[in-house]
Amino acid sequence: MIFRSLTLALALLASSAGAAEPQQPVKLQDAARGPVPIMETTRPPLLANPVNDDIRRTRNYDMQPPTIPHKVDSYQIDKNFNKCMDCHARAKTELSQAVPVSVTHYVDRNGKVLGQISTRRYFCMQCHVPQEAVRPLVNNQFEDVDTVIRKGQAAPAGHKK
Ligand code: HEC
Ligand code: HEC
């Protein structure tokens with residue numbers, strides 16, 4: 001029985017393969033890439049006008065790296081100098097009025113707290129990014145925990161957890 005249905009399936013496969021038209025390549029349309037084929041490099045639009053309002057933004061969840069509320073154009077970050085730490089180091093904040101980097105930024109991978117910024121946190125813009133007033137490419141329905149709790153409280157008693 002199994003054997004029969006197997007041969008049938010194989011026969012079907014073979015016949016459909018024989019009859020198949022040459023496959024048209026599926027046109028890919030991606031929000032970020034547009035119709036540019038995967039093997040080609042896109043030319044993303046230039047970012048020109050980062051938000052520079054100096055207003056610290058709400059963090060959406062615990063341990064989110066806060067977004068940068070100021071311009072960072074041409075700030076030097078290399079082995080000689082870290083412009084960010086020129087304002088964000090603990091000792092510099094009285095002058096700069098910047099938020100000092102938190103203690104996590106001084107901890108090495110063995111959990112030891114160092115006297116200077118950890119190499120793990122040296123390249124700030126791996127994690128922290130300025131914002132640009134552009135339309136999001138992908139819809140996002142993320143809700144933070146406060147919203148979730150509020151919705152839970154508003155729901156009828158029977159639906160409460
Ligand atoms: C000239 C001083 C200065 C420099 C240089 C500087 N910042 Fe800032 N930064 C500030 C100040 C002041 C604030 C507080 C908000 C404001 O005034 O923009 C801030 C805010 C931030 C925040 C928001 C913190 C929070 O809790 O919301 C982040 C993240 C940040 N900066 C990252 C950086 C990074 C990364 C660099 C380097 C690419 C950098 N900053 C360079 C002065 C500076
Ligand atoms: C590997 C990711 C990563 C890198 C690299 C990094 N940060 Fe952060 N940063 C975080 C995260 C996550 C937080 C929020 C939780 C915390 O404080 O650790 C944060 C918090 C901050 C804050 C807010 C501190 C507070 O107490 O509210 C500032 C300011 C900041 N970072 C600046 C910097 C600067 C300047 C650099 C570069 C010298 C840097 N960060 C490098 C991930 C990173």
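Our subject is the structure that appears above.
Reading guide: rules and limits
- Residues numbered from 1 in each chain as written.
- Chains lettered and ligands numbered in written order.
- Predicted model: local features only at pLDDT ≥ 70, side-chain atom pairs only at ≥ 80, totals over all residues.
- Heavy atoms only, no water.
- Helix = DSSP H or I, 4+ residues; strand = E, 2+ residues; numbered from the N terminus.
- Contact = heavy atoms within 4.5 Å.
- Areas by Shrake-Rupley, 256 points an atom, 1.4 Å probe, with all protein chains shown as cover.
- Phe/Tyr/Trp six-rings, centres within 6.5 Å; stacked < 30°, edge-to-face > 60°.
- Buried < 20%, exposed > 50% of the residue type's maximum accessible area, 1.4 Å probe, protein only.
- Lys NZ or Arg CZ within 6 Å of the ring centre and 35° of its normal.
- Near = heavy atom within 4 Å.
- Polar contact = N/O pair within 3.5 Å; in protein donor to acceptor, adjacent residues only side chain to side chain.
- Nonpolar A, V, L, I, M, F, W, Y, C, P; charged D, E, K, R; others polar.
- Donors = N, O, S within 2.8 Å, 3.2 Å for Na, K, Ca; no water.
- Tetrahedral: all angles 85-135°; square planar, octahedral: opposite > 155°, others 65-115°.

**Description of the overall build of the chain**
Part 1 of the reasoning: Within the chain one finds four helices and zero strands.
Part 2 of the reasoning: Of the regular secondary structure in the chain, the N- to C-terminal order runs α-α-α-α.
Part 3 of the reasoning: Relative to all contacts within the chain whose residues are 6 or more apart in sequence, the contacts with residues 24 or more apart total 35%.
Part 4 of the reasoning: Accessible surface, the chain: about 14,300 Å² in total, of which carbon and sulfur atoms supply 58%.

**Some thoughts on the packing of aromatic side chains**
Part 1 of the reasoning: On inspection of all chains with the given rule, the structure shows two aromatic pairs.
Part 2 of the reasoning: With centroids separated by 6.3 Å and ring planes inclined at 70°, the aromatic side chains of Tyr61 and Phe142 adopt a geometry described as edge-to-face. Of this pair, Tyr61 sits in the loop between α1 (2-19) and α2 (83-88) while Phe142 sits in the loop between α3 (93-96) and α4 (145-154), and the two are 81 residues apart along the sequence.
Part 3 of the reasoning: On the basis of relative accessibility, which here comes to 47%, the residue Tyr61 falls in the partly exposed class.
Part 4 of the reasoning: Aromatic pair Tyr122 and Phe123: ring centres 5.2 Å apart, planes at 80°, arrangement edge-to-face.
Part 5 of the reasoning: On the basis of relative accessible area, Tyr122 is assigned to the buried category, the value being 18%.
Part 6 of the reasoning: The aromatic ring of Tyr75 is capped on one face by Lys83, whose charged end is 6.0 Å from the ring centroid.

**Structural notes on the site of ligand 1**
Part 1 of the reasoning: Around ligand 1 there are 21 residues in total, and Asp54, His70, Cys84, Cys87 and His88 lie nearest to it.
Part 2 of the reasoning: Contact distances for ligand 1 include 2.9 Å between a nitrogen atom and a side-chain N or O atom of His70.
Part 3 of the reasoning: With four residues, α2 is the single largest residue contributor to the shell around ligand 1.
Part 4 of the reasoning: Per-class residue counts for the shell around ligand 1 are eleven nonpolar, six polar and four charged.

**Here we look at the environment of Pro130**
Part 1 of the reasoning: Its location among the elements puts Pro130 in the loop between α3 and α4.
Part 2 of the reasoning: The sequence separation of Pro130 and Pro69 amounts to 61 residues, and the corresponding C-alpha distance is 6.2 Å.
Part 3 of the reasoning: Aside from chain neighbours lying at most four places away, what touches Pro130 is Pro50, Ile68, His70, Val72 and Met125.

**Here's the deal with the coordination of the iron atom of ligand 1**
Part 1 of the reasoning: Donor atoms from the polypeptide that bind the iron atom of ligand 1 are His70 (NE2) and His88 (NE2), placed at 2.0 Å.
Part 2 of the reasoning: Each of the six donor atoms bound to the iron atom of ligand 1 contributes to angles spanning 87 to 179°, and the resulting shape is octahedral. Here the residue His70 occupies a position in the loop between α1 and α2, and His88 occupies one in helix α2, the gap between them amounting to 18 residues.
Part 3 of the reasoning: Judged by relative accessible area, His70 falls into the partly exposed class, the value being 23%.

**Some points on the site of ligand 2**
Part 1 of the reasoning: As a structural note, the neighbourhood of ligand 2 is formed by 23 residues, with Ser102, His105, Cys124, Cys127 and His128 the closest of them.
Part 2 of the reasoning: The separation between an oxygen atom of ligand 2 and a polar side-chain atom of Thr104 is 2.5 Å.
Part 3 of the reasoning: The contact in question runs from a nitrogen atom of ligand 2 to an N or O atom on the side chain of His128, over 2.8 Å.
Part 4 of the reasoning: Its residues assigned to classes, the shell around ligand 2 comprises 13 nonpolar, seven polar and three charged.

**A short note on unusual backbone geometry**
Part 1 of the reasoning: A positive phi angle is found at Asp54, which is not glycine, with a value near 60°.
Part 2 of the reasoning: Take Asp54: it is sitting in the loop between α1 and α2.

Read these as spatial facts, not as claims about activity.
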